[in-house]
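# Notes for the structure review
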Amino acid sequence: MNPFVVLSDRPELLECIKAHRNWHQGRYPDSPWYFPNRDDHSKHVDFASLSHRLVFLRKSLNLHRITSHGLRAFYVTVRRSQGIADGQIAAEIGDKTVSLMETTYGAVPASWRGGQTESFLPKNGDPAWIAWLK
């Protein structure tokens, strides 16, 4: 549907991609996959790997429940707080229509207009990808 995403207005995501490239080059330099299978680098991770890893991290770090859908909803929330139109966000996340996005995540609350901009970065501490840079 939308084979690319413009990242020039999201420096924190560019930083994450740079950190991922560093991690990939150091750990899986010969793999063609962005997320290689741990046991066979010529293959990609299993489709359930993200969900399994989120469960592991939640338990090991004593966090609240985190899901891949929740991360997607967080992306929508941050982009909306930045004043980005729902049509553009829908295209960025691969939703076919704005109405599908609004059905899933709700409409933009009127109280958000002119409100505080959210960030992909944590309010305290380093972002999760800092470990990839080391």
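Notes on the structure follow. (Residues numbered from 1 in each chain as written. Predicted model: local features only at pLDDT ≥ 70, side-chain atom pairs only at ≥ 80, totals over all residues. Heavy atoms only, no water.)

## Points about the pattern of salt bridges
- Considering all chains together, one arrives at five salt bridges under this definition.
- In this structure, D86 engages R80 in a salt bridge whose closest nitrogen and oxygen atoms are separated by 2.9 Å.
- Overall, the relative accessible area of 11% leaves D86 in the buried class.
- According to the relative accessible area criterion, R80 is buried, its value standing at 8%. (Salt bridge = Lys/Arg side-chain N within 4 Å of Asp/Glu carboxyl O. Buried < 20%, exposed > 50% of the residue type's maximum accessible area, 1.4 Å probe, protein only.)

## Here's the deal with the packing of aromatic side chains
- By the definition in use, this model includes three aromatic pairs.
- Centre to centre, the rings of F74 and F120 are 6.1 Å apart; their planes meet at 80°, and the pair counts as edge-to-face. Of this pair, F74 sits in helix α3 (residues 68-81) while F120 sits in the loop between α5 (98-105) and α6 (130-133); the two residues are 46 residues apart in sequence, bridging distant segments of the chain.
- The class for F74 is partly exposed, based on a relative accessible area of 38%.
- With relative accessibility at 12%, the residue F120 sits in the buried group.
- The structure contains a cluster of three or more aromatic residues connected by ring pairs, namely F74, Y75 and F120. (Phe/Tyr/Trp six-rings, centres within 6.5 Å; stacked < 30°, edge-to-face > 60°. Helix = DSSP H or I, 4+ residues; strand = E, 2+ residues; numbered from the N terminus.)

## Focus: the side chain of S31
- Here S31 is to be found in the loop between α1 (11-27) and α2 (49-61).
- On the accessibility criterion, S31 (9% relative accessible area) is buried.
- From its side chain, S31 meets the backbone nitrogen of W33 in a polar contact 3.2 Å long.
- In contact with S31, other than residues within four places in its own chain, are H24, P36 and H41. (Polar contact = N/O pair within 3.5 Å; in protein donor to acceptor, adjacent residues only side chain to side chain. Contact = heavy atoms within 4.5 Å.)

## A closer look at the nonpolar core
- L13, Y75, V76, V78, I84, I89, A90, I93, M101, Y105 and F120 form the largest nonpolar core, which has eleven residues in total.
- Mapped by element, the contributors of at least two residues to this core are α3, α4 (86-93) and α5.
- Residues in contact with Y75, not counting those within four places in the same chain, are R10, L13, E92, I93 and F120. (Core = buried A, V, L, I, M, F, W, Y, C linked by side-chain atoms within 4.5 Å.)

## Overview of the environment of V76
- Here V76 shows up in helix α3.
- Judged by relative accessible area, V76 falls into the buried class, the value being 1%.
- Sequence separation between V76 and I93 is 17 residues, and the spatial gap between their C-alpha atoms is 8.3 Å.

## Digging into the packing of α3 against α5
- It is at 11 Å that the axes of α3 and α5 come closest, and there the two elements cross at 110°. Looking at the two axes, α3 sits roughly perpendicular to α5. The hand of the α3/α5 crossing is left-handed. Along the contact surface, α3 presents H69, R72, A73, V76 and R80, while α5 presents M101, E102, T104 and Y105.
- Its residues assigned to classes, the contact of α3 with α5 shows four nonpolar, two polar and three charged. (Axes fitted to C-alpha atoms, helices over the stretch in contact; angles between N-to-C directions. Parallel < 35°, antiparallel > 145°, perpendicular 65-115°, else oblique. Left-handed = near helix turned anticlockwise from the far one by under 90°. Nonpolar A, V, L, I, M, F, W, Y, C, P; charged D, E, K, R; others polar.)

## Notes on unusual backbone geometry
- Of note, the phi angle at N62 is positive, near 55°, even though the residue is not glycine.
- The topology assignment puts N62 in the loop between α2 and α3.
- Look at N62 and you get exposed, because its relative accessible area is 71%.

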